[in-house]
Amino acid sequence: MEAAAHFIPEIQLDHVTMEYESDAARVTALQDVSLTIAKGEFVSLLGPSGCGKTTLLRIMADLAEPTGGDLKVAGGSAREARLAQKYGIVFQSPVLYDWRRVKSNITLPLELKGVPRAERNKRAMELLELVGLAKFANHYPWQLSGGMQQRVAIARALAMEPEILLMDEPFSALDEFNRERLNEELLSIWSKVQNTVVFVTHSIPEAIFLSDRVFVLSPHPGRLSAVVDIPLPRPRTKEMRNSEEFFRLIARIRDSFEGGV
Ligand code: ADP
Ligand code: MG
């Protein structure tokens, strides 16, 4: 964040703990996580598999309730934020409806909200333009590549103009080339939408390239082990990936993993 004066809290976690209990064992997925994310900030939750990233995202989204601690979203509870439709969520696999065309995948949430047909069609086309898929409006999801499908999922998540966009490893199934391209596209979309983004990833370069700040989590139990500021200027460019600063940040984050990875 550039100036502390602009820091309006959007998501606040206060000593959040999550324990899963099954007949055989009790797993502490998250232990004592406290953090604050600012309105309009782009942050990543970074850590190896099993460190509680998805659990943390689900708690923020009110899809799971922590077993300890508190959280506040947009000044109220996560439940209130969910009911007020403040969230857009993008999952690891796109979860599109294969029998609906691309455009009507995007109009679906608007349809459910009762937005008139002409307006929802217009909004869907604007969103498809935004994610660079206007030409594919009448295709079916299965006719698109994995990366294109994920862009449709992003467009759909943006349809309700969510104040908060939560993304759980949205590009992890893609190859390195497509992933880097989509990182750039996501930032260009975000620069137009300017909402709060919480992005889950296990890729250190991806977290650095995208974020204002990176929250580093360590596993067993999942704990917040570091918060790293990313001072790279915006807009971020491809060339920055090869900068000394970028490599310094990678080293810094590697060092912050408790006990190494
Ligand atoms: P990540 O997304 O970082 O891979 P998760 O949040 O999925 O981590 O999981 C964190 C820990 O909690 C893991 O040890 C996982 O096995 C456990 N866990 C996650 N969800 C459940 C669940 N529904 N029931 C029991 N254990 C779970
Ligand atoms: Mg996960």
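Refer to the structure above for everything that follows.
Here the structure is a predicted model, which means the values were calculated and not measured.

**Remarks on the overall build of the protein**
Point 1. Per the secondary structure count, the protein includes eight helices and nine strands.
Point 2. On C-alpha atoms alone, the protein measures out to a radius of gyration of 18 Å, which is about the 18 Å that the 2.2 N^0.38 rule sets for 261 residues.
Point 3. Based on the C-alpha atoms only, the size of the protein along its principal axes is roughly 50 × 45 × 45 Å.
Point 4. When burial is assessed residue by residue, the protein has 49% of its 261 residues classed as buried.
Point 5. Once local pairs closer than 6 in sequence are excluded, the contacts in the protein between residues at least 24 apart make up 69%.
Point 6. Charge separation in the protein, taken as the distance between the mean sites of 31 positive and 34 negative side-chain charges, equals 7 Å.

**Some remarks on helix α3 (residues 102-112)**
Point 1. Those residues of α3 that fall on the buried side of the exposure criterion are V102, N105, I106, T107, L108, P109 and L110.
Point 2. Here the buried face of α3 lies against α4 (117-130) and α5 (146-158).
Point 3. Phi turns positive one or two residues past the end of α3, at G114, with a value near 85°.

**What to know about the site of ligand 1**
Point 1. Residues in close proximity to ligand 1 include Y20, V27, A29, P48, S49, G50, C51, G52, K53, T54 and T55, which together make up its full environment.
Point 2. Note that an oxygen atom of ligand 1 is positioned 2.7 Å from one of the backbone N or O atoms of G50.
Point 3. Here an oxygen atom of ligand 1 and a side-chain polar atom of K53 are 2.9 Å apart.
Point 4. Here ligand 1 has 560 Å² of accessible area as a free molecule, and 61% of this is covered by the chains.
Point 5. When contributions to the shell around ligand 1 are tallied by element, the ones reaching two or more residues are β2 (26-38) and α1 (53-60).
Point 6. The residue makeup of the shell around ligand 1, split by class, is five nonpolar, five polar and one charged.

**Details of a nonpolar patch on the surface**
Point 1. Among the surface-exposed residues, L63, F91 and V95 lie close enough to one another that they form a single nonpolar patch of about 260 Å² accessible area.
Point 2. Positionally, V95 belongs in the loop between β5 (87-90) and α3.

**Side note on the layout of surface pockets**
Point 1. As a volume, the largest pocket reaches approximately 660 Å³.
Point 2. Lining of the largest pocket is provided by 22 residues; of these, Y87, I89, P109, R156 and M160 occupy positions nearest its centre.
Point 3. Only β5, α3 and α5 provide two or more residues apiece to the lining of the largest pocket.
Point 4. Residue contributions to the lining of the largest pocket peak at four residues, all from β5.
Point 5. Among the residues forming the lining of the largest pocket, the class breakdown is 16 nonpolar, two polar and four charged.
Point 6. Among the domains, domain 1 (1-86 + 162-261) and domain 2 (96-161) are the pair contributing at least three residues each to the lining of the largest pocket.

**A short note on the packing of aromatic side chains**
To describe a pair of aromatic rings, one takes the distance between the centres and the angle between the planes.
Point 1. All told, the structure shown has five aromatic pairs when counted by the stated rule.
Point 2. Here the aromatic rings of Y97 and W99 are separated by 5.2 Å at their centres, their planes lie at 55°, and the arrangement is tilted.
Point 3. Given a relative accessible area of 33%, Y97 falls into the partly exposed group.
Point 4. Looking at W99, the relative accessible area reads 64%, which means it is exposed.
Point 5. Pairing Y140 with W142 gives two aromatic rings, centres 5.7 Å apart and planes at 5°, and the pair type is stacked.
Point 6. For W142, a relative accessible area of 52% puts it in the exposed group.
Point 7. Members of the aromatic cluster, joined through ring pairs, are F42, F171, W190 and F199.

Calculation notes
- Residues numbered from 1 in each chain as written.
- Chains lettered and ligands numbered in written order.
- Predicted model: local features only at pLDDT ≥ 70, side-chain atom pairs only at ≥ 80, totals over all residues.
- Heavy atoms only, no water.
- Helix = DSSP H or I, 4+ residues; strand = E, 2+ residues; numbered from the N terminus.
- Rg over C-alpha atoms; globule rule 2.2 N^0.38 Å.
- Buried < 20%, exposed > 50% of the residue type's maximum accessible area, 1.4 Å probe, protein only.
- Contact = heavy atoms within 4.5 Å.
- Lys, Arg positive; Asp, Glu negative; His and termini not counted.
- Charge placed at Lys NZ, Arg CZ, Asp CG, Glu CD.
- Near = heavy atom within 4 Å.
- Polar contact = N/O pair within 3.5 Å; in protein donor to acceptor, adjacent residues only side chain to side chain.
- Areas by Shrake-Rupley, 256 points an atom, 1.4 Å probe, with all protein chains shown as cover.
- Nonpolar A, V, L, I, M, F, W, Y, C, P; charged D, E, K, R; others polar.
- Patch = residues over 30% accessible without salt bridge, like charges linked within 9 Å, V, L, I, M, F, W, Y side chains within 5 Å.
- Salt bridge = Lys/Arg side-chain N within 4 Å of Asp/Glu carboxyl O.
- 1 Å grid on protein atoms, 1.4 Å probe; cavity = no way out; pocket = protein on both sides within 12 Å on 5 of 7 lines; lining within 4 Å.
- Points joined across faces, edges and corners; volume = space filled by probe spheres on them.
- Domains from an automatic or database assignment.
- Phe/Tyr/Trp six-rings, centres within 6.5 Å; stacked < 30°, edge-to-face > 60°.

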